[in-house]
Amino acid sequence: MNIVVCIKQVPDTKGGVKFNADGTLDRAAMLAIMNPDDKAGLEAALRIKDQNGAKVTVLTMGLPKADAVLREAMAMGADDAILVTDRVLGGADTWATSTTIAGALRNLDYDLIITGRQAIDGDTAQVGPQIAEHLGLPVISYAEDIKVEGDSVIVKRQYEDRYHEVKAKMPCLITALSELNEPRYMTPGGIFDACDKEVTVWGRADLKDVDDSNLGLKGSPTKIAKASDKVPKGAGEKVNLDPAESVAYLIGKFKEKHII
Amino acid sequence: MNNMGLEEYKGVFIYAQQVDNELSSIAFELIGKAKELAKDLGTDVTAVLLGSNVKGLTDELGEYGADKVIVVDNPELETYRTEPYAQALAAVINEYKPEIMLVGATAIGRDLGPTVSARVATGLTADCTKLEIGDFPINAVPGKEDEQKHNQLLMTRPAFGGNTIATIACPDNRPQMATVRPGVMQKLPKEAGRKAEVIEFNPTLEKNNRYVDILNVVKAVGNVENIMDAKVLVSGGRGVGSKENFKMLQDLADVFGGMVSCSRAAVENGWLAQDYQVGQTGKTVRPQIYFAIGISGAIQHVAGMEESDLIIAINKDEDAPIFSVADYGIVGDLNKIVPALTEALKAEMKNK
Amino acid sequence: MDFTLDKKHEMARGLFRDFAETEVKPLAQETDETEQFPAETVAKMAKYGFMGIPVPKEYGGQGCDPLTYVTCVEELSKVCATTGVIVSAHTSLCIDPIMTFGTEEQKKKYVVPLAKGEKLGAFGLTEPGAGTDAQGCQTKAVLDGDEWVLNGSKCFITNGKVADVYIVIAITSITEDKRGRKKKNFSAFIVEKGAPGFSFGTKEKKMGIRGSSTYELIFEDCRIPKDALLGQEGRGFPIAMHTLDGGRIGIAAQALGIAEGALDRCIEYTKERKQFGRSIAQQQNTQFKLADMAARIEAAQLLVYKAAMAKATQKVYSVEAAKAKLFAAETAMAVTTEVVQLFGGYGYIREYDVERMMRDAKITEIYEGTSEVQRMVISGSLLR
């Protein structure tokens, strides 16, 4: 069984987002990590590998430095890694990104493709379903649990107030939630091996059945009109009084605002 | 991507999500926003209703402001599955050619939206918090004033865990598609008896390899109340200290007929279920009053509550970031202030 | 000369740091308070290969090197010195001598499960009457047919009772030199928990590293098989000394970690803590102290890494190990003492970790050779 996990390198927002003096995001000060939903997807693939035996390939599209997340994935147990990188692919929106990744995936044998639900930088949740669309595969988004049964997968698909237990025939694509599992750590020996392994690097020319007009910034139907780092809402009043005075202060404000 | 006869595309469409043949609140919120956009464009609002035996829902869509309702009623659409729903919505788009197609950023919409946008080969902007009609580029490039496009949908969305804001346009493709976070747009007041023109549309849904089988539908139990519907939320975080202490917060919420919610820390400590979590990984809320009690105010939390009309923070740490978004910040011991505030409010209300 | 870690070592350090922050740090306070051996953490470390980092893969290890192992002990000790020493004693004092002096059968039998973390290791040299002067040891081993019979006791044994495999040094003969002076000849043995006549005394109550399990080992006609002898008979003393050379690098890494952990806390705290209307980090006194500590810690780190590289490439690395341990241990003690001072009253309170770090630091100047012993080793090499 061949599983391809699509992963993305993202800036870490967990340890607090860093800002420059002018209030803009200091991206350079933030660590680059494997996107959490993607990592859960990788863990799911590795568990299938542990139980049923499978070859797990990780694939990312990004700058050459995204090599780091591929090494991490291999140090966790992935067998192969592919980096799709090319200047002409830069500035892609989700349409152009999914077109690119689908073009790369067409070169591979896969039974199952797993992506994260969404990346913590873009938060769109679009690339997974759109890859499935380009490849004509069944898609199951928001997976909380994945089981392989013969030539099918059985997935717990999360909704706001329920889940569906869904069965799909492979090949298919699943988008993983970080709630899916607790990803394993790398091992020291895995790190040493991963650093010695080859990462396959593909450029534009290696993408199969893809039109230039659908790639990169030019091939992106959505265009950024304006982007800014968020200006925090201004602080209101802050008081430091004893409890009774604090209560009186709030009651006064509620009356002022005709809340009571 | 190629231009594709953009002028053929007319009207603002919304996807009227229903689950168990009951319309979701997001459907009405989208109509509310769509009405504003349609007014600016001089066009009308069409709700797209997909399901099985859903014709009875069209009246409600009309009462909330939809001018037209396109209904695709097909047994294949009984329970949400990506493929038949994507086929149906794509068929509506191809047939009726809307210039704008809005979808809720729900667990359904965030699956259906990207699938359909890729199928009809257009752009999609996710999780929008603001939509308006304007020019693209926003400021014309000097010397290229005639290349500036007017009457474009400008879609504003947070990214990066709410730390950045981007406004996005889709100038060369139609429809301009967006998903919109629930709870952000305002629905219009219900106008009893208002009718929408109902159009029944029956595209052929092709049974292909992309169908999945639903083996089981398991509804969460005890999840009837939704913090997104509360007018007043009393939200607790790590500083509340224990599950028992949440009783204090409930007492305060009861005074207003509101609900208790919480930060991620409270969920991680097992004090409240995840359904009550506000923030990036929880829900976006916008109550009239939001009490942040013992919540430090991590950016991920703030992203989910900062649109609240009035924010009151109580925290013992005077440097807690929550104070930077609070209208009224109280530095002090929540264990003393919260019960006292509850009693004082009860007394005030009795006097009325 | 390149003073930066390469990609592999940097990535491994990232792993250890992530693990330490997520799995170890939240338990550090409780481990100290309850003096409980952190068995669950050790099981997790075993799962991810931390118990056999420098061991070749064919013996169940990770196939990495001493430098990787050192960064592991360092990162663990930043948040919990107890966890650091468990890995250090296991790897340096038990696995390493078997890998270096053991037969192929012994490596297969003992190193494989030890490196996989299925078993835990310990080392026994010190006795009540013999600390720095190892020649004062009394524990004896006598060959009786196909078995060695051990009598005596060993004290202050890290991983005592929880370990499954013990390297024990005992006298196997006493010879006289030409001038008629008596000389004890030592041998090293591999003793398994459960050997008849092998038991444990009471648990030591310690000032620091309180979660590590420190016990007396008692041998009363303890019978072990003949092939439990490690290395040649009579070569126990050099085996012990060689083992301690490696162990000192581990302890140096532990001390380095403690100092780094204390400095990290200090930077956080002095930025937050306000006195006289501004953070104490804005006071020049604080700034200069932070600078001195940072410089000293980096010097210690270079010595520790150099010793680890020496272990990887040289047969003998006693002096490098002694310098690293001496300087890192004294750095740990000095830095933690200074950090407690900068914390003021809060530094003296258990709720703040620096109090624990100061208690933990002290042992690094004492065990696996006191600072005085390290000075003897270093000066001995100078005055040879």
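From a predicted model like this one, the values you see are computed outputs, not experimental measurements.

Student: Teacher, can you tell me more about the overall build of chain C here?
Tutor: Per the secondary structure count, chain C includes 10 helices and 10 strands. The C-alpha atoms of chain C give a radius of gyration of 21 Å, which matches the 21 Å a tight globule of 384 residues would have. Considering only C-alpha atoms, chain C reaches an extent of 80 × 45 × 45 Å along its principal axes. Burial status across chain C gives 55% buried among its 384 residues. Here the contacts in chain C between residues at least 6 apart in sequence split such that 73% fall between residues at least 24 apart.

Student: Explanation requested: the arrangement of the chains in the structure shown.
Tutor: The assembly contains 2 pairs of chains in contact; the pair sharing the most contacts is chains A and B. Contact between chain B and chain C is absent, and the minimum C-alpha spacing across the pair is 10 Å.

Student: Honestly, the interface of chain B and chain A in this entry has me stumped. Any pointers?
Tutor: The figure often quoted for interface size is the accessible area lost as the parts come together. Between chain B and chain A, the contact holds 75 residues from the first and 68 residues from the second. It is helix α8 (residues 334-351) of chain B that contributes the most residues to the side of chain B that touches chain A, 8 residues altogether. Within the side of chain B that touches chain A, the residues separate by chemical class into 41 nonpolar, 19 polar and 15 charged. Pairing of strand β12 (residues 223-229) of chain A with strand β10 (residues 164-169) of chain B involves 6 bridges; the strand directions are antiparallel.

Student: Sorry if this is basic, but what is going on with the pairing of strand β6 (residues 112-116) of chain A here?
Tutor: Strand residues, when the strand is regular, have side chains that alternate between the two faces of the sheet. Residue and element names in this part refer to chain A. With 5 of its 5 residues buried, β6 lies for the most part within the structure. Pairing of strand β1 (residues 2-6) with β6, which is carried by 4 bridges, proceeds in the parallel orientation. Residue pairing in the sheet places V4 in a bridge with I113 of β6. Pairing geometry for β6 and strand β10 (residues 172-176), over 5 bridges, is parallel. Bridge pairing in β10 places I114 opposite I174.

Student: Please clarify how the domain arrangement of chain B should be interpreted in this entry.
Tutor: Residues and elements named next belong to chain B. Looking at the assigned domains, one finds that chain B contains domain 1 (6-200) and domain 2 (227-351). In this structure, domain 1 and domain 2 have C-alpha centres spaced 33 Å apart. Listed by partner, the interface residues are 8 residues for domain 1 and 9 residues for domain 2. For the side of domain 1 that touches domain 2, the residue count by class is 3 nonpolar, 4 polar and 1 charged.

Student: I keep staring at the environment of K316(B) and nothing clicks. Help me out?
Tutor: Residue and element names in this part refer to chain B. Here K316 is to be found in the loop between β17 (310-315) and β18 (328-331). Along the backbone, K316 and G56 are 260 residues apart, and their C-alpha atoms lie at a distance of 53 Å. Contacts of K316, omitting those with residues within four sequence positions, involve G239, V331, G332 and D333.

Student: Looking at this structure, how should I read the sheet that holds strand β7 (residues 124-128) of chain B?
Tutor: Strand pairing in a sheet relies on backbone hydrogen bonds. The paired strands run either parallel or antiparallel. Residue and element names in this part refer to chain B. Here we have 7 strands laid out as an open sheet, ordered β7-β11-β6-β1-β4-β5-β12, and parallel in their pairing. In this open sheet, the two strands that pair with only one neighbour each are β7 and β12 (197-200). Adjacent strand axes in the sheet meet at a mean angle of 25° when their direction is disregarded. Of the strand pairs in this sheet, strand β5 (residues 68-73) and β12 are connected by 4 bridges, and their pairing is parallel.

Student: Where do I start with unusual backbone geometry in this structure?
Tutor: Excluding glycine, most residues fall at negative phi; most peptide bonds, likewise, are trans. Residues and elements named next belong to chain B. The omega torsion of the bond from F136 to P137 falls at -10°, within 30 degrees of zero and hence cis. Within the secondary structure, P137 sits in the loop between β8 (130-136) and β9 (149-159). The step from R174 to P175 runs through a cis peptide bond, and the omega angle for that step is -5°. If you trace the backbone, P175 turns up in the loop between β10 and β11 (176-180).

Student: Whenever I open this one, the interface of chain C and chain A confuses me. Can you help?
Tutor: Counting residues at the interface gives 14 residues for chain C and 9 residues for chain A. Here the side of chain C that touches chain A gets 6 residues from one element, more than from any other, and that element is helix α1 (residues 7-34) of chain C. When grouped by side-chain class, the residues that make up the side of chain C that touches chain A number 7 nonpolar, 4 polar and 3 charged.

Student: Sorry if this is basic, but what is going on with the domain arrangement of chain C here?
Tutor: Residue and element names in this part refer to chain C. On domain assignment, one finds that chain C holds domain 1 (7-120), domain 2 (123-234) and domain 3 (238-382). When each unit is reduced to the centre of its C-alpha atoms, the spacing between domain 1 and domain 2 is 24 Å. The partner domain 2 presents 18 residues to the 23 residues of domain 1 that form the contact. Only α1, α4 (81-101) and α5 (104-116) provide two or more residues apiece to the side of domain 1 that touches domain 2. Here the element with the most residues in the side of domain 1 that touches domain 2 is α4; it accounts for 11 residues.

Student: Sorry if this is basic, but what is going on with the packing of α1(C) against helix α3 (residues 66-79) of chain C here?
Tutor: Geometrically, a packed helix pair is captured by the angle between its two axes and the distance between the axes. Residue and element names in this part refer to chain C. Running from N to C, α1 and α3 point in directions that differ by 30°, and their axes come no closer than 8 Å. Our classification of the angle between α1 and α3 gives roughly parallel. Judged by the sense of rotation from one axis to the other, the crossing of α1 with α3 is right-handed. When α1 is examined against α3, the residues H9, A12, R13, F16, R17, A20, E21, V24, K25 and A28 are found in contact with a partner set consisting of L67, T68, T71, C72, E75, L76, K78 and V79. Among the residues making up the contact of α1 with α3, the classes are represented as 9 nonpolar, 3 polar and 6 charged.

Student: Explain the packing of helix α8 (residues 318-343) of chain C against helix α9 (residues 353-364) of chain C to me, please; I cannot follow it from the model alone.
Tutor: Residues and elements named next belong to chain C. Direction vectors running N to C along α8 and α9 enclose 160°, while the axes themselves pass 8 Å from each other. Here α9 runs roughly antiparallel to α8, going by the angle between their axes. By crossing handedness, the relation of α8 to α9 is classed as left-handed. Note on element contacts: α9 touches α8 through V354, E355, M357, M358, A361, K362 and T364, opposite A329, A332, M333, T336, T337, V339, V340 and F343. Residues belonging to the contact of α8 with α9 are distributed by class as follows: 10 nonpolar, 3 polar and 2 charged.

Student: What is the right way to look at α9(C) in this model?
Tutor: Owing to its 3.6 residues per turn, the α-helix aligns residues three or four sequence positions apart on the same side. Residue and element names in this part refer to chain C. The terminal C-alpha atoms of α9 lie 17 Å apart, and with 12 residues this matches the ideal 16 Å at 1.5 Å per residue to within 8%. In terms of burial, α9 is a largely internal element, 9 of the 12 residues being buried. Taken together, the buried positions of α9 are D353, V354, R356, M357, M358, D360, A361, I363 and T364. Against the buried residues of α9 lie α1, α4, α6 (236-272) and α8.

Student: Is there a simple way to think about the sheet that holds strand β9 (residues 162-169) of chain A in this case?
Tutor: In spatial order, the strands read β11(A)-β5(A)-β4(A)-β1(A)-β6(A)-β10(A)-β7(A)-β8(A)-β9(A)-β13(B); together these 10 strands make up an open sheet with mixed pairing. Looking along the sheet, the strands with just one partner apiece sit at the ends: β11 (200-202) of chain A together with β13 (213-219) of chain B. Neighbour to neighbour, the strand axes of the sheet diverge by 30° on average, direction disregarded. The sheet strands contacting helix α3 (residues 94-105) of chain A are β1, β4 (55-61), β5 (80-84), β6 and β11 of chain A, and the helix crosses β4(A) at an angle near 145°.

Student: Looking at this model, I keep getting lost on the nonpolar core. Mind explaining?
Tutor: Buried together is how nonpolar side chains tend to be arranged in soluble globular proteins. Formed by 256 residues in total, the largest nonpolar core has its most connected members in I14(B) and V304(C). Element by element, the count of residues in this core is highest for α6(C), at 15 residues. Excluding anything up to four places from it in sequence, V304(C) contacts V70(C), I249(C), A252(C), A253(C), L256(C), A324(C) and A328(C). Ranked by size, the runner-up nonpolar core spans 48 residues in total, among them V240(B), F291(B), A303(B) and I311(B).

Student: Explain the UniProt feature "domain: Acyl-CoA oxidase/dehydrogenase middle" (unreviewed entry) in chain C here, please?
Tutor: Residues annotated by UniProt as "domain: Acyl-CoA oxidase/dehydrogenase middle" (unreviewed entry) correspond here to residues 122-222 of chain C. In residues 122-222 of chain C, the share of helix is 0% and the share of strand is 57%. The end C-alpha atoms are 17 Å apart.

Student: It is not clear to me how the confidence of the model for chain C should be interpreted in this structure. Could you clarify?
Tutor: Low pLDDT marks regions whose predicted coordinates should not be analysed in detail. Scored by pLDDT, chain C has a mean of 96; 100% of the residues are at 70 or more. Model confidence for the complex is summarised by a pTM of 0.87, with the ipTM given as 0.93.

Student: What should I look at first to understand the pairing of strand β2 (residues 140-144) of chain C in this one?
Tutor: Residues and elements named next belong to chain C. The pairing of β2 with strand β3 (residues 147-158) spans 5 bridges and is antiparallel. Within β3, the residue paired with V142 across the bridge is V149. Taken together, β2 and the strand that follows it, β3, pair antiparallel across an intervening segment of 2 residues, in which G145 is found at a positive phi of about 65°.

Cut-offs applied
Residues numbered from 1 in each chain as written. Chains lettered and ligands numbered in written order. Predicted model: local features only at pLDDT ≥ 70, side-chain atom pairs only at ≥ 80, totals over all residues. Helix = DSSP H or I, 4+ residues; strand = E, 2+ residues; numbered from the N terminus. Rg over C-alpha atoms; globule rule 2.2 N^0.38 Å. Buried ≥ 20, exposed ≤ 12 C-beta atoms within 10 Å, placed from the backbone. Contact = placed C-beta atoms within 7 Å. Nonpolar A, V, L, I, M, F, W, Y, C, P; charged D, E, K, R; others polar. Pairing = 2+ DSSP bridges. Domains from an automatic or database assignment. Axes fitted to C-alpha atoms, helices over the stretch in contact; angles between N-to-C directions. Parallel < 35°, antiparallel > 145°, perpendicular 65-115°, else oblique. Left-handed = near helix turned anticlockwise from the far one by under 90°. Expected span 1.5 Å × (residues − 1). Core = buried A, V, L, I, M, F, W, Y, C linked by C-beta atoms within 7 Å. UniProt positions renumbered as here; feature names shortened; annotations may be inferred. pLDDT = per-residue confidence, 0-100.

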